[in-house]
Every structure is written in C-alpha cells, then in structure tokens.
Amino acid sequence: MKSNNCIVILDFNSQYTMLIFKILRELKVYCEVYNYNDISLNKIYSINPSGIILSGSSYSVLNNGPILSDKILNINVPILGICYGMQLIVKMLGGTVESIINCREFGLSRIMIKKYSNLTNNIYDRINNDGYIFLDVWMSHNDVVTKIPDGFIVIAGNDKCQNAIIANEKDKIYGLQFHPEVSHTKCGINLIKRFAFNICNCVPDWNINNIHTTIINSINNLVKSNDKVILGLSGGIDSLVTAIIINNIIGKRLICIFIDNGLLRLNEYKLVTKLSNNFNLNTIYINAKDKFFNALSNISDAEEKRKIIGKVFIDVFLEQATNFNNVKWFAQGTIYSDVIESKNKIKSHHNVGGLPNNISLKLLEPIKKLFKDEVRKLGLKMNIPYNILYRYPFPGPGLAIRIIGEVRNNLCKLLRLADSIFIEELKNSNFYYRIDQAFTILLPIKSVGIIGDCRRHDLVLALRAVNTSNFMTAKWVKIPYNLLHKISNRIINEINEISRVVYDISDKPPSTIEWE
Ligand code: XMP
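Attention here is on the structure that accompanies the text.

Definitions and cut-offs
- All residue numbers here refer to positions counted from 1 along the written sequence of the relevant chain.
- Reporting of local features is limited, given that this is a predicted model, to residues whose pLDDT is at least 70; pairs of side-chain atoms are given and counted only at 80 or more, and all residues count toward the totals for whole chains, interfaces and linings.
- Side-chain measures were taken over the full set of non-hydrogen atoms in the model, leaving aside hydrogen atoms and water.
- Put simply, DSSP H or I for four residues or longer makes a helix, DSSP E for two residues or longer makes a strand, and each gets a number counted from the N terminus.
- The globule rule is 2.2 Å times the number of residues to the power 0.38, and the radius of gyration it is compared with is taken over C-alpha atoms.
- For the exposure calls, accessible area comes from a 1.4 Å probe over protein chains only, and a residue counts as buried if that area is under 20% of its type's maximum, exposed if over 50%, partly exposed in between.
- For this analysis, residues touch if any pair of their heavy atoms sits within 4.5 Å.
- To measure how exposed things are, a 1.4 Å probe is used in the Shrake-Rupley method; for residues, cover is taken only from the protein chains shown.
- What we call a nonpolar core is a set of buried Ala, Val, Leu, Ile, Met, Phe, Trp, Tyr and Cys residues that are connected through their side-chain atoms within 4.5 Å.
- A domain assignment, automatic or from a database, supplies the domain bounds used here.
- To get an axis, a line is fitted to the C-alpha atoms, and for a helix only the part in contact is used. The angle between two axes follows their N-to-C directions and goes from 0 to 180 degrees.
- If an angle is under 35 degrees, it is roughly parallel; if it is over 145, roughly antiparallel; if it lies from 65 to 115, roughly perpendicular; otherwise it is oblique.
- As a working rule, the residues Ala, Val, Leu, Ile, Met, Phe, Trp, Tyr, Cys and Pro are called nonpolar, Asp, Glu, Lys and Arg charged, and the rest polar, with Gly in that last group.
- Crossing handedness is read from the near helix: turned anticlockwise from the far helix by less than a right angle, it gives a left-handed crossing, and turned clockwise, a right-handed one.

**Some thoughts on the overall build of the chain**
Summing up its helical and strand segments, the chain has 14 helices and 21 strands in all. Relative to the compact-globule value of 24 Å for 516 residues, the chain shows a C-alpha radius of gyration of 26 Å, a close match. For the C-alpha atoms alone, the extent of the chain along its principal axes is close to 75 × 65 × 40 Å. Across the 516 residues in the chain, those meeting the buried criterion constitute 56%. For the chain, restricting intrachain contacts to residue pairs at least 6 apart in sequence, the fraction spanning at least 24 positions comes to 74%. In the form shown here, the chain has an accessible surface area of approximately 23,900 Å², with 49% of it arising from carbon and sulfur atoms.

This is how it looks when you write it as structure tokens:
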C-alpha cells in the first residue's frame, strides 16, 4: 500500500524535537509528533507514514530509558534514529551501547565520512588535502554505540565516537549519534532533507493551498448539512481564522459568540464587531464581565484563575448555545503549539480540553495541526488584514494572568491602558513588527514615587517584549533605552495609579513568556 506523504516523529522528551518538526514543515513535508508514550503500533500503521524519526532524549538505553515495540523496525518504512533514537535501534537489533567516560561528547565535533551512504552522499563541510571528507556536527551524548547490529555499516565516525553515522541501506534504517536538527550541525538540514525526499520519497506538498483544501475537506466530512456549529470568537487570530474557514463552508449555520469577560485588550469589542461585519460572520455579543469578576474575587493563584475563567467561559457559552437548535459542534481555534504546551503541563493553558465531559457537543478543531506562522499564512489567503494577523497573541485568560494576584475590574482598566500606551509607542517607533509579543504586567507591590512635592505610593508595572519563532523558546528584546524611557514616562504621567515601570530581561527558558 502506498504510504501517506507524512513523517512521524517519535519524541523521547528531547529538547530538540520541535526543531526537527519545524525543519520538516519548512521543507513543506507534512509531519506529526507523538510522544513515545502516546502512540501505539496500530496508530502508526493507521497513519501509514513515509518515514519515522526517533528523537534524542535525556534518558539512557542503559538505564531503563523508554523502549519501543521491536515490530516498529519491521513495518517497512525508512527510519532515522537521532542520538538516543539511534542507540535504541542498535539495542533493539542486537548491537551494543556502552557508557564510556572518554567517549562522552557535548558540543561541536568533527566526524570523518568513511563509506558511501544514500543519506550522506555529497553532503559534507570539508575535504582535506588527502581527499578525506568531514562533517561538523553537534554532539550531546554520554553513551556510545560500540557494536553495530548485523546488516549495518559504519558511514562516519571519529576517535571518540567510532559509530557516529550507521546505515542499513537495504532496510533504510539510519542512525546519527549527533543532532542534525541543531543549527550548529551545518549540514544537518541537508541530512534531514535527504532522508525526507530521497529516502522516504516525500513530496513537498505541505503548502498553504493544500493545507486549506485539506481543512475544507475535513470540515465537509464532519459537519453534516443541517448541523450548526458554535464558536467562541475572541479577537485572536486563531479563532478568527477558524471562524472564517467554517463560515465560508456553512455560512449562517456557524454561530460565533463573543464574550466580553472584562479581561480583554482596549477596544476589543469594537475590533471584533468590525471584523465580524467585514467577514459576514453571524456573531452574538455577550457582556459577562460581572460574572467573571465575581468568580475571580479573592482568587490569587494563577492556575486557579485559569480554571475559573475556563469554567465561567464554558458556562456562559453553553447557556447561549441552548438558544439554538441542532447545534452539534463546538469549534475552537486550537493550534499545534497549544496541544504540545498543554502536554508539557507547565501551565494548564490554552483551549485544549475545555469542554466538560457531559456535553453532547463534538469538538471541531480544524487548524489543530498548524503552527502560528501557518495560521497567519492561511489568514492572508483568506484576506484577513496584515495588521490583524500580526497582532501579538493574547492568552485566553487575558489580563487575569498579567495581574499578579487578585484580579479586579479597576486593575484591569489600568493594565489595559498601560498596555495600549506600550503598544502604541512600539507602533509609532516602528518596533512593533520587529517583536513577536509584547505586553505589560501589573505587579502586586507598591513603590514610592514623587509628583511635584507629593510623595506617592503606587503600583509597579512591568514591560515584557520577546522575540520567538514558536513561543516555546523566546529571547527578551533589546528595546532602545530612549524608547523605554519614553514609554515609562508616558505610563507614569498618564496613569496616576502607576508610579514605577520596570523592564523584564528574562529569556524563555528559564522564564516563561507570561508571568503567571
Ligand atoms: P508561556 O507563558 O507559556 O506562553 O511562555 C507561551 C505563549 O502562550 C500564551 N499563553 C497562553 N495562551 N492561555 C492561552 O490561550 C493561557 O493560559 C496562556 N498562557 C500563556 C502566551 O501569551 C505566549 O504567547
């Protein structure tokens, strides 16, 4: 049976798995990531992939590291094992992995190509005067392969790691001791490209037109001709893109519900109304601010706030849904990073798992397999204006997780204003589009200030601005001092209750983007 044009990445909790994913998607190869724990052999059969990549890991195969069913090596698709993934293949096929102190390597290393392989042919960094060919690679391993399994040959290695690339060309199983996905391995992308296109025979068809058609087909298959769909429109692009796609297919059978929870950015209601009119969406507007503030009173724990907001949202939402008959689907703009971050359980964020179990509505998440940049491309295709698509992401619990401690209506008003000043100044100085997310945070402390002859004892506000490509890692942005100065002056002058502004200079990791 012809395989589906898809690569499955099995993740052994490697910090680099997302890099493999991103590289493949940028090569326009469709791929899916599964944690080794979450996928069965049957599921892999049903996906019928063109290839499988086994990620690295901080585990050791010598020390109860996760294993896979041996059968995975017999399903007759090309397999690429990276670091731990390679050691696992070796162990499963009867080779030997050992922990040898002198063989440990962390960082840049050079390996020599000794034999021809379909994976590496013509890929190298350097040829020396004697004609020897070398690759510069990023190593990160304690254990090494000391005996390769039958049927394999050694393609490349060095003194510390004799078996840095191994191959079984007949079965198309390859192992790399280093990390091709890390940018320090200069030829790494070429190796992944070679695996995807020449070994797995993938076709680079993961482009926006195909994505669009696939999504339309899946909605058509799921939503029957009389079914109605309800969707929470938040003003963010994920729910907007989701709404427009569904609306283009089922028109007024899509009912969008915009709930003002009092935790939104400035003028959000106006913006959503405008967008909804422009795209002909059938939208109901609900003011539920009081319900949210009542439920949040006296609550200062971030996770508890998130849960309460999620619950009140669902209550208000489902109450509205009962006003319509034949509502079968609850649509959400969940995207891939929501799913992955929720699995990490760092924070209980995002849309994932928002519906109570006893609800008969089915979940419709048409853009669940896309990353933010792909959602934006899709949005452009659907004529959503650039300035909307490239608005900074805004978390579902909104300002509640940017007010440290208890959330009150008056604090939200201050924060909303401060945030709008920050954003306005970033736009005025042409910095806005050089930053991926920026916002303000209200701290639960007061500090002393003076205005004229008067002492004041008022709130402290933090500014946060980050650059990130996937929101899983991020760097703080070096906004020029004069711009920071201007922003801080404006905020302190225009908002009486704020007497001090500070700038957050923490990367993710170790910090997260949001403060709570
Ligand atoms: P963190 O703080 O986890 O944020 O580094 C990564 C991205 O996710 C957004 N975020 C949230 N989005 N509900 C959401 O819908 C949440 O509870 C939530 N917490 C963080 C954050 O704004 C950033 O873009």
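Having put the structure on the table, let's press on.
**Looking at the nonpolar core**
Leu10, Ile52, Ile72, Val229, Ile246 and Ile367 are the most contacted members of the largest nonpolar core, which totals 68 residues. The element contributing the most residues to this core is helix H6 (residues 237-250), with eight residues. Taken domain by domain, the makeup of this core includes at least three residues from each of domain 1 (7-199) and domain 2 (208-389). In this structure, Phe292, Ile314, Leu442 and Leu459 belong to the second largest nonpolar core, which totals 56 residues.

**Observations concerning the packing of helix H5 (residues 208-222) against helix H11 (residues 372-381)**
Between H5 and H11, the shortest axis-to-axis distance is 10 Å and the interhelical angle comes to 85°. What the angle tells us is that H5 and H11 run roughly perpendicular. Facing H5, whose interface residues are Ile208, Asn209, His212 and Ile215, H11 presents Glu374, Lys377, Leu378 and Lys381. By residue class, the composition of the contact of H5 with H11 is three nonpolar, two polar and three charged.

**Quick word on the packing of helix H13 (residues 409-428) against helix H14 (residues 481-494)**
Close contact between H13 and H14 brings their axes to 10 Å; oriented N to C, the two are set at 150°. With respect to H14, the element H13 is oriented roughly antiparallel. Read as a crossing pair, H13 and H14 show a hand that is right-handed. Residue-level inspection shows Ala418, Ile421, Phe422, Glu424, Glu425 and Leu426 of H13 in contact with H14, the latter providing Leu483, Lys486, Ile487, Arg490, Ile491 and Glu494. Within the contact of H13 with H14, the residues separate by chemical class into seven nonpolar, no polar and five charged.

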